[in-house]
Amino acid sequence: MREVLSLDGVSFAYETEEDVFVQAVQDVSFTVRDGEWVSIVGHNGSGKSTLAKLMIGLLFPATGSVNVFLDPLTEDNLWVVRSQLGVVFQNPDNQFVGATVQDDVAFALENNGVSYEDMQIRVKEALSDVGMSGYHNHEPHHLSGGQKQRVAIAGALAMNPKILILDEATSMLDPQGRSEVIELITTLRSTTGLTVISITHDLEEVLLADRVFVMNQGKLAASGTPTSIFEQGTKLQEHGLDLPFALRLSQLLRHTGMPLVGDHMSEKELVNELWTSHFNK
Amino acid sequence: MNFAYAPNTPFEKKALHDINASIKSGSYTAVIGHTGSGKSTLLLHLNGLLKPTEGTVQVGDTLITSETKGKALRNVRRNVGIVFQFPEHQLFEETVEKDIMFGPLNFGIPEEEARARAHELIEMLGLPKEVAKKSPFELSGGQMRRVAIAGVLAFNPSVLILDEPTAGLDPQGRREIMELFERFHKEEGLTTVLVTHSMEDAARYAEHVIVMHEGHAVLDGPPEEVLTDAEQLAMYRLELPRSVRFQRDFERLVHHKLPKPALTEEQLAVMIAELAKEMGEPK
């Protein structure tokens, strides 16, 4: 499949007040293909948020290049490229600009000179896509966290982006809000073929991705399918990451001396193995 | 007790309805409920930041009513420390040491004593010694949070209230902070109240659970009862803790009950292994 976004040897350092440079991202290269769902994980301070800022041109690499649709991102093409990127950030309360839900979704459209008639259609469609039809005139502060993030996603979708970037978009939500957003992303991907790049701590979300990039100390420490990444077990924990519940329980069961055939990512697999190999008699 | 925002005005908004609950000295209580359930409003009553519109809140020897004035509330605040969500947003001093000392100095603790306590806390919270003289804003997010927590522990509260203390941290940071509170709870004999979304943390750490829903305290009891009732929890838009959910699926499939609710995955693993042994290992 064709490439939509790639990093090629990207490094970036922040300068502190004492003129010391802190290397936040070091020689990172990867390619995201059309229609993929990619999760970027890593502990706090691993460089993954800097990576997000580099991908949307809030920062520019010191060396290397960020390529969007095969073109290196520069200050000159930034605005053109950004119109193809939808971004949703962590805090649902910090990204509301409109007084009502529909104003908020229309904000970017208005900035980009979309006609009033077209705007109405696109706002309606975007809100319907995120399951928020009927909330057009609601005030944002009356919505739940999950609803706010869905409206933020609608705002991003209204621009018909090719790539949706989520920067810890579910980390401040309660479990229900989190499930709402993850369910929405799953649906959107099957209906629109949108490319999704999600920076996240949520392991259950990571399990749904096509590929996972693990960041550690500014470097790309590992990449692969969720299963291949989680199979590395304890090594992941060294990177400050957790393992999915079923895998943690598999490890604990092994510690008690219970033989298990394989590693299990899902609870269903594990409970089935317990049944077939230990309790089915 | 009841609480309404802007009572007796056209904008009156009832937030807490007829709450009856008691928290034992030295216990670890978890308050759970989805966003907007009233759990944060409830916790603000525990140190007198809000006063009940009707009814009473008693903290130690102090009775708080809608009429209670500053002095009594000050006494309550001296004993009840709150770690708010994203406490690092409240850091403001030039150095970490000064920031941690701010609360104690305000409560009239002598400067040298406050400084000694600050240094002790820096060590207890696993921060490098050198941070004392640094600006809190030069630290990493996880370190900043520890400094903010130290600022609350600095005046030796006997009750510690934690409002989603691990929000925004990575899994390792979350575990470290929760273990830290567990240690303080035990070593300092604190009464701990944890407000959380995490059913797993409530199950692992608490001995008493209160579920809030639409401003009502709807469930109240030990975790073995409150956190194992899937139907009740679903009514309040909550899920079973993962270990309990797995236990339920497991018991259904193998037609055997484990001896007690599995509040942590470690307990779950041990009970499953023991059951397997009892039933005889497979050939």
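Residues numbered from 1 in each chain as written. Chains lettered and ligands numbered in written order. Predicted model: local features only at pLDDT ≥ 70, side-chain atom pairs only at ≥ 80, totals over all residues. Heavy atoms only, no water.

### A look at the overall build of chain A
Along chain A, the regular secondary structure elements total 11 helices and 10 strands. Compactness check: chain A gives a C-alpha radius of gyration of 21 Å against a globular reference of 19 Å for 281 residues, within 12% of the reference. Dimensions of chain A along its principal axes, counting C-alpha atoms only, are 70 × 50 × 40 Å. Burial analysis of chain A (281 residues in total) assigns 53% to the buried set. The long-range fraction of contacts in chain A, counting pairs at least 24 apart against all pairs at least 6 apart in sequence, stands at 62%. A total accessible area of about 12600 Å² is found for chain A, and carbon and sulfur atoms account for 49% of it. Distance between charge centroids for chain A: 7 Å, based on 19 positive and 37 negative side chains. (Helix = DSSP H or I, 4+ residues; strand = E, 2+ residues; numbered from the N terminus. Rg over C-alpha atoms; globule rule 2.2 N^0.38 Å. Buried < 20%, exposed > 50% of the residue type's maximum accessible area, 1.4 Å probe, protein only. Contact = heavy atoms within 4.5 Å. Areas by Shrake-Rupley, 256 points an atom, 1.4 Å probe, with all protein chains shown as cover. Lys, Arg positive; Asp, Glu negative; His and termini not counted. Charge placed at Lys NZ, Arg CZ, Asp CG, Glu CD.)

### Some remarks on the overall build of chain B
If you tally the helices and strands in chain B, you get 11 helices and 10 strands. Seen through its principal axes, chain B has C-alpha atoms that stretch 70 × 55 × 30 Å. The 283 residues of chain B split such that 53% are buried. In chain B, once contacts between residues fewer than 6 apart in sequence are set aside, the share between residues at least 24 apart is 60%.

### Structural notes on the nonpolar core
Residues and elements named next belong to chain B. Counting 53 residues, the largest nonpolar core has Ile32, Ile100, Leu121, Leu160, Phe184, Val211 and Leu227 as the members making the most contacts within it. Within the residue set of this core, elements represented by two or more residues are strand S3 (28-32), helix H3 (96-106), helix H4 (111-124), helix H5 (141-153), strand S7 (159-163), helix H6 (171-187), helix H7 (199-205) and strand S9 (208-213). A per-element tally of this core places H5 first, with seven residues. Beyond its immediate chain neighbours, meaning those up to four positions away, phenylalanine 184 contacts Leu121, Met124, Leu125, Leu153, Gly189 and Leu190. (Core = buried A, V, L, I, M, F, W, Y, C linked by side-chain atoms within 4.5 Å.)

### Focus: the domain arrangement of chain A
Residue and element names in this part refer to chain A. For chain A, the domain assignment lists domain 1 (1-84 + 162-226) and domain 2 (96-160). Across the boundary between the two partners, domain 1 contributes 11 residues, which contact 12 residues of domain 2. Applying the counting criterion to the domain 1 and domain 2 interface returns one salt bridge. At the surface where domain 1 touches domain 2, the tally comes to two residue pairs in polar contact (both at pLDDT 80 or more). (Domains from an automatic or database assignment. Salt bridge = Lys/Arg side-chain N within 4 Å of Asp/Glu carboxyl O. Polar contact = N/O pair within 3.5 Å; in protein donor to acceptor, adjacent residues only side chain to side chain.)

### Some thoughts on helix H3 (residues 101-111) of chain A
In an α-helix, one full turn covers 3.6 residues, which means residues spaced three or four apart are oriented alike. Residues and elements named next belong to chain A. Those residues of H3 not exposed but buried are Val101, Asp104, Val105, Ala106 and Leu109. If you follow the buried residues of H3, they end up packed against helix H4 (116-129) and helix H5 (145-157). Positive backbone phi, at 70°, marks glycine 113, one or two positions downstream of H3.

### A short note on the interface of chain B and chain A
Counting residues at the interface gives 31 residues for chain B, matched by 32 residues for chain A. For the chain B and chain A pair, buried surface summed over both sides reaches about 3100 Å², with 64% attributable to carbon and sulfur atoms. A per-residue breakdown of the area chain B buries against chain A is headed by Arg242(B), Phe246(B) and Glu265(B), which together make up 21% of the total. Taken together, the links from chain B to chain A amount to four salt bridges. (Buried area = accessible area lost by both parts, 1.4 Å probe.)

### So, the sheet that holds S3(B)
All names here are of chain B. Here we have six strands laid out as an open sheet, ordered S6-S7-S8-S3-S9-S10, and mixed in their pairing. Two strands bound the open sheet, and with one partner strand each, they are strand S6 (80-83) and strand S10 (216-221). Adjacent strand axes in the sheet meet at a mean angle of 15°, parallel and antiparallel pairs treated alike. Sheet analysis places S3 next to S9, joined by four bridges and oriented parallel. Its bridge partner being in S9, alanine 30 is matched across the sheet by valine 209. (Pairing = 2+ DSSP bridges. Axes fitted to C-alpha atoms, helices over the stretch in contact; angles between N-to-C directions.)

### Points about the sheet that holds strand S6 (residues 85-88) of chain A
All names here are of chain A. Taken in spatial order, the six strands of this open sheet run S6-S7-S8-S3-S9-S10, and their pairing is mixed. Where the open sheet ends on each side, the last strands, each with one partner, are S6 and strand S10 (219-224). Neighbour to neighbour, the strand axes of the sheet diverge by 15° on average, direction disregarded. Pairing analysis gives four bridges linking strand S3 (residues 37-41) to strand S8 (residues 195-199), with the strands arranged parallel. Each bridged residue has a counterpart across the sheet, and for serine 39 the counterpart in S8 is serine 198. The sheet strands contacting helix H6 (residues 175-192) are S3, strand S7 (163-167) and S8, and the helix crosses S3 at an angle near 145°.

### Observations regarding the pattern of salt bridges
This structure, assessed with the given rule, holds 28 salt bridges over all chains. Measuring nitrogen to oxygen at the nearest pair gives 3.6 Å for the salt bridge that ties Asp242(A) to Arg175(B). Here the residue Asp242(A) occupies a position in the loop between helix H9 (234-238) and helix H10 (245-255), and Arg175(B) occupies one in helix H6, the pair thus bridging two chains. Here Glu239(B) ties to Arg245(B) by a salt bridge, and the two come within 3.8 Å at their closest N and O atoms. Taken together, the shared-partner salt bridges in this structure form one network comprising Glu97(B), Glu111(B), Glu112(B), Arg115(B) and Lys133(B).

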